[in-house]
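Notes for the structure review
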Amino acid sequence: MAKKIKQYDEGELIKMFGLTRLAGNTATPLMQELTSARTELNAAEQYLFDDITENLLSQIVGWNEEMLKMNLIAFVLRLGHLKETLHYKTYYESILEATVDGYFLKVKADMMIAAGILERPETPYFYFQEYKKQKDPKGDVTAQLLEACLIAREKNQNGKPLYGCTVNGKYWEFLIIEARTYCISKSYDCTDKEDLLQIIAMLRKFKEILDTRLLIN
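In what follows, the accompanying structure is described. No experiment lies behind these values; they were computed from the predicted model shown.

**Details of the environment of threonine 35**
- With respect to the helices, strands and loops of the structure, threonine 35 is situated in helix H2 (residues 29-35).
- Here the alpha-carbon distance between threonine 35 and tyrosine 182, two residues 147 residues apart in the chain, equals 15 Å.
- A polar contact is formed between the side chain of threonine 35 and the backbone oxygen of asparagine 25, at a distance of 3.1 Å.
- Within the local environment of threonine 35, its side chain forms a polar contact with the backbone oxygen of methionine 31, the two atoms lying 2.8 Å apart.

Take a look at the structure:
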């Protein structure tokens, strides 16, 4: 018999797993490290940045989920230097499942960075969950990201923090979970050029953290 899948909200997950929720860019040292990152764009990157931000404020309100991915998110990830290496790959629309503390969890990750073999992810490091609307019938996007992180922690069994990001319309938030505590950054408005450059800086900082700390056994 197939296991029954339940979509949990954030509050349910806090209660089920004894989690502590913190918010703010300075709430934990790891979040402060991530959100204090700064970066500059070279000429080619600046051209791409200007291209994707032109009329973004007026356009984004009419985009569905696929348009948001193709017209903005894909380019932001490229500017964030989140490209594949010999050590990890980018996976899309992956189904993740595990039993955590006696609860069966199953969720679809819109995008994740993980070590893996061909199409099979094995050790996840970063999750990206996105929806166009602020409130979406598919469920609580923060809860889905949190579920993905809990599943990854169960699979990885290495005690290392996990990173992620949610997109609700034009608003981006970053999440870091360490043990039973997770922290959510302030919201960044991607239609504001300063905020979008900061999003890119944080993605680049995560890439540095992944290469220098998370990959080391």
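**Considering helix H7 (residues 193-214)**
- With 22 residues, H7 should cover 32 Å at 1.5 Å per step; its first-to-last C-alpha distance of 30 Å lies within 8% of that length.
- You can read the cap of H7 off the contacts: a side-chain oxygen lies 3.0 Å from the backbone nitrogen of glutamate 194, and it is on aspartate 192.

**Focus on unusual backbone geometry**
- Although it is not a glycine, histidine 81 adopts a positive phi angle of roughly 65°.
- When its relative accessible area of 33% is taken as the criterion, histidine 81 is described as partly exposed.

**Quick word on the packing of aromatic side chains**
- Within this structure, the stated rule accounts for 4 aromatic pairs.
- A centroid spacing of 5.5 Å and a plane angle of 70° characterise the contact between phenylalanine 17 and tyrosine 103, whose relative ring orientation is edge-to-face. Linking phenylalanine 17 in helix H1 (residues 10-17) with tyrosine 103 in strand E3 (residues 103-117), this pair joins segments that are 86 residues apart in sequence.
- Counting every residue linked through ring pairs, the aromatic cluster contains Phe126, Tyr163 and Phe206.

**Let's talk about the nonpolar core**
- In this structure, Trp172 and Phe206 are the most contacted members of the largest nonpolar core, which totals 42 residues.
- Elements that contribute at least two residues to this core include exactly H2, helix H3 (43-53), helix H5 (65-79), E3, strand E4 (120-131), strand E5 (162-168), strand E6 (171-178) and H7.
- With 9 residues, the single largest contributor to this core is H7.
- In this structure, phenylalanine 206 is in contact with Leu34, Leu82, Ile113, Tyr125, Phe126, Tyr163 and Leu214, ignoring residues within four places of it in sequence.
- Tyr127, Ala148, Leu150 and Ala152 belong to the second largest nonpolar core, which has 28 residues in total.

**A short note on the state of the cysteines**
- Summed over the entire model, instances satisfying the criterion amount to 0 disulfides.
- We note that cysteine 149 lacks a disulfide partner, and the nearest cysteine sulfur, in cysteine 165, lies 11 Å from it.
- Residue classification places cysteine 149 among the buried residues on the basis of a relative accessible area of 0%.
- Residue cysteine 183 stays outside any disulfide, its sulfur separated by 13 Å from that of cysteine 149, the closest cysteine.

**Some remarks on the pattern of salt bridges**
- All chains considered together, the criterion is met by 12 salt bridges.
- Between glutamate 33 and arginine 213 there is a salt bridge whose closest N-O contact spans 2.9 Å. One end of the pair, glutamate 33, is in helix H2; the other, arginine 213, is in helix H7, with 180 residues separating them in the sequence.
- Classification of glutamate 33 by relative accessible area gives partly exposed; the value is 21%.

Thresholds applied
- Residues numbered from 1 in each chain as written.
- Predicted model: local features only at pLDDT ≥ 70, side-chain atom pairs only at ≥ 80, totals over all residues.
- Heavy atoms only, no water.
- Helix = DSSP H or I, 4+ residues; strand = E, 2+ residues; numbered from the N terminus.
- Polar contact = N/O pair within 3.5 Å; in protein donor to acceptor, adjacent residues only side chain to side chain.
- Expected span 1.5 Å × (residues − 1).
- Buried < 20%, exposed > 50% of the residue type's maximum accessible area, 1.4 Å probe, protein only.
- Phe/Tyr/Trp six-rings, centres within 6.5 Å; stacked < 30°, edge-to-face > 60°.
- Core = buried A, V, L, I, M, F, W, Y, C linked by side-chain atoms within 4.5 Å.
- Contact = heavy atoms within 4.5 Å.
- Disulfide = S-S within 2.5 Å.
- Salt bridge = Lys/Arg side-chain N within 4 Å of Asp/Glu carboxyl O.

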